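# Structure at a glance
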Amino acid sequence: MVDASELAFRDLCRKYGAQLAYTPMLHSASFVRDAKYRAEHFTTHALDRPLVAQFCANEPATFVNAAKLVQNRVDAVDLNLGCPQGIARRGCYGAFLMDHLQLVRALVSAAAAELAVPVWVKIRVFDDVKATVEYARMLEEAGASLIAVHGRTREQKGRQCPPADWDKIRAVVKAVNVPVIANGNVRTKADANRAMQYTGAEGVMSAYALLDYPAVFGGVKLSRMQLAYEYINLAERRNTPLRMVRLHLFKLFRSRLDANMDLNEAVAKCRCFEDFRQVADTLSKRCDFEGVSFEQRIERGEKLDNVVSAKRIERLKRKQLLESNQAVDAQSGPLGTSVAVNTPT
């Protein structure tokens, strides 16, 4: 969740049911040497708790020094061992440290020995369940106080990746004595309950699903536009960098922008918070009428005004059908049962 779980977004998610939050992934070397980087990427307040500071690192002393700068303002420090992106490959951190397990042990051991707060880790699974379990046990032995397990391999990424393997998460839960958080296939509060019941995990985390709908854990149905307006207000109050605001609003406006492509460029060109509000106002006027939301109109098969491309509407319909089918599949159980069934990378 680089640039995506900043303070304003955490505030919004906490309002709608999230009980614990991680900072964006912080680059430990940049965090140590650059005061401007620290000021922009690590912000918090008294009610922003419990809070976990999440770092990527590949050098023990640097990781420890970065964590010491914030340990008095957080409840735990997390070593991100799950990021699968190309930048993590190039920098040799995140999930690509799975190829360097002795270095992983050294990172966790150094932090556990020197920090005043618990050390957590976030991992991805190996193809082999035995290797995954051995990995988790090694992390526990090294001093990790909690293990978050994303039930996908580092090669399984993006929206078209297969469902997370809850059986591997359950195997880790059974193998270690520290709490485990399950990650993957959590798109609703009901998914969260199923994940904890099936895996035995102490909790669940979600990332992409929260970006699409920050009230995932609230168990309530809210308009994305309502959430967008709330987020804009919070972001302005927290002086959030506009690039972060733009990222969130592209996600929240997604379905409406599919049918109003002229406003994609408008979002990209926003230079202040009032600009973002004006785009939101325009989208609301175009896409909602008589209390019926844009998404409901698409589901009803209505012909929409201001549609740039009929193909984009068809694409949205297919996307909604896919999401609907995935939700139905999720109700039957995770991989390993009858049917294949989201803190941050």
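So, how was this worked out
- Along each chain, residues carry numbers from 1 onward, in the same order as the chain's sequence is written.
- Local features in a predicted model are, by the rule used here, given only for residues with pLDDT of at least 70; side-chain atom pairs are given and counted only at 80 or more, and totals for whole chains, interfaces and linings are based on all residues.
- Hydrogens and waters are ignored; side-chain quantities use all the structure's heavy atoms.
- UniProt positions are given in the numbering used here, feature names are shortened, and annotations may be inferred rather than shown by experiment.
- Only DSSP runs of H or I with at least four residues qualify as helices, and only runs of E with at least two residues qualify as strands; both kinds are numbered from the N terminus onward.
- Burial here depends on accessible area, computed with a 1.4 Å probe over protein chains only, as a share of the maximum for the residue type. Under 20% is buried, over 50% is exposed, and the range in between is partly exposed.
- Note that accessible areas follow from Shrake-Rupley with a 1.4 Å probe, and for residues the cover is restricted to the protein chains shown.
- Nonpolar core, defined: a set of buried Ala, Val, Leu, Ile, Met, Phe, Trp, Tyr and Cys residues in which side-chain atoms within 4.5 Å join the residues together.
- Domain start and stop points were drawn from an automatic or database domain assignment.
- At least two bridges found by DSSP between two strands is the condition for calling them paired.
- By definition here, a helix of n residues has an expected span of 1.5 Å times n minus one.
- Every residue pair with non-hydrogen atoms within 4.5 Å of one another is taken to be in contact.
- Stacked, tilted and edge-to-face are the three classes assigned to paired rings of Phe, Tyr and Trp, where Trp is represented by its six-membered ring and a pair needs centres within 6.5 Å; plane angles under 30 degrees give stacked, over 60 edge-to-face, the rest tilted.
- Put simply, a charge is over a ring when the Lys NZ or the Arg CZ is close to the ring centre, within 6 Å, and near the line of the ring normal, within 35 degrees.
- Each salt bridge in this description consists of a side-chain nitrogen of Lys or Arg and a carboxyl oxygen of Asp or Glu lying within 4 Å of one another.
- Axis lines are fitted through C-alpha atoms, for helices just across the contact stretch, and the angle between N-to-C directions can take any value from 0 to 180 degrees.
- Each angle gets one of four labels, with under 35 degrees taken as roughly parallel, over 145 as roughly antiparallel, 65 to 115 as roughly perpendicular, and the rest as oblique.
- Residue polarity is assigned by list, with Asp, Glu, Lys and Arg as charged and Ala, Val, Leu, Ile, Met, Phe, Trp, Tyr, Cys and Pro as nonpolar; anything else, Gly included, falls into the polar class.
- Charged residues are defined narrowly, with Lys and Arg counted positive, Asp and Glu counted negative, and His plus the chain ends left uncounted.
- N or O atoms closer than or at 3.5 Å make up a polar contact, with two conditions inside protein: a donor-capable atom paired with an acceptor-capable one, and, for residues adjacent in sequence, both atoms drawn from side chains.

Under an unreviewed UniProt entry, the chain has the name tRNA-dihydrouridine(16/17) synthase [NAD(P)(+)] and belongs to Gracilariopsis chorda. The UniProt entry for the chain carries this comment under Cofactor (unreviewed entry): "FMN". Its UniProt record gives the chain a comment under Sequence similarities (unreviewed entry), which states: "Belongs to the Dus family. Dus1 subfamily."

Looking only at helices and strands, the chain features 17 helices and eight strands. Across the 345 residues in the chain, those meeting the buried criterion constitute 53%. Of the roughly 15,500 Å² that the chain leaves accessible, carbon and sulfur atoms contribute 51%.

Turning to the nonpolar core, a few remarks are in order. Judged by nonpolar contacts, the single largest core of 91 residues is most densely connected at F55, L139 and F253. With seven residues, helix α11 (residues 224–237) is the single largest residue contributor to this core. Looking at which domains feed residues into this core, each of domain 1 (7–212) and domain 2 (224–300) gives three or more. Membership of the second largest hydrophobic core comes to eight residues, among which are V52, A76, L146 and I181.

In this section: the pairing of strand β3 (residues 51–56). With six of six residues buried, β3 lies mostly within the body of the structure. Neither face of β3 is open: one carries L51, A53 and F55, the other V52, Q54 and C56, and all of them are buried. In this sheet, β3 lies alongside strand β1 (residues 21–22) in parallel orientation, the contact comprising two bridges. For A21, the partnering residue across the bridge sits in β3 and is L51. Pairing between strand β2 (residues 26–27) and β3: two bridges, direction parallel. Considered in β3, the bridge of H27 is made with C56. Pairing of β3 with strand β4 (residues 76–81), which is carried by four bridges, proceeds in the parallel orientation. By the bridge assignment, F55 is partnered in β4 with L79.

With that settled, consider helix α6 (residues 101–114). The first and last C-alpha atoms of α6 sit 20 Å apart over 14 residues, in line with the 20 Å expected at 1.5 Å per residue. Packing partners of the buried residues in α6 comprise α4 (60–68), β4, β5 (119–124) and α7 (129–142).

The subject of this paragraph is the packing of aromatic side chains. Counting across every chain of the model gives eight aromatic pairs. Look at F31 and F42: their rings are 6.4 Å apart centre to centre, the planes differ by 90°, and that puts the pair in the edge-to-face class. In this pair, F31 is assigned in helix α2 (residues 28–33) and F42 in the loop between α3 (35–41) and β3, connecting sequence segments 11 residues apart. Judged by its relative accessible area of 6%, F42 falls in the buried class. Where F126 meets Y135, the ring centres are 5.4 Å apart and the plane angle is 70°; that geometry is what we call edge-to-face. Classification of Y135 as buried rests on a relative accessible area of 1%. Put simply, the rings of F31, Y37, F42, F55 and F63 touch in pairs and so form one group of aromatic residues. Directly above the ring of Y198 sits R170, whose terminal nitrogen or CZ lies 4.1 Å from the centroid.

Our next topic: the pattern of salt bridges. In total, this model carries 16 salt bridges according to the counting rule given. Between R49 and D75 there is a salt bridge, with the nearest N and O atoms lying 2.8 Å from each other. Of this pair, R49 sits in the loop between α3 and β3 while D75 sits in the loop between α4 and β4, and the two are 26 residues apart along the sequence. Owing to a relative accessible area of 37%, R49 belongs among the partly exposed residues under this scheme. A salt bridge links E274 to R277; the nearest nitrogen and oxygen atoms lie 3.5 Å apart. Of this pair, E274 and R277 both sit in helix α15 (residues 273–287), separated by three residues, roughly a single helical turn.

The next subject is the packing of α11 against helix α12 (residues 242–252). Any two packed helices are characterised by how steeply their axes cross, that is the angle between the axes, and by the distance between the axes. Orientation of α11 relative to α12, taken along the N-to-C sense of each, is 175°, at an axis distance of 10 Å. Comparing the axis directions of α11 and α12 gives the class roughly antiparallel. Along the contact surface, α11 presents R224, L227, A228, Y231, I232 and A235, while α12 presents M244, V245, H248, L249 and L252. Partitioned by chemical class, the residues of the contact of α11 with α12 number nine nonpolar, one polar and one charged.

Now for the side chain of R124. As for its placement among the helices and strands, R124 is situated in strand β5. No salt bridge is formed by the buried R124; its nearest oppositely charged neighbour, E155, is found at 7.7 Å. Engagement of the side chain of R124 in a polar contact is seen with the backbone oxygen of G82, the distance being 2.9 Å. One polar contact links the side chain of R124 to the main-chain carbonyl oxygen of T153, over a distance of 2.8 Å.

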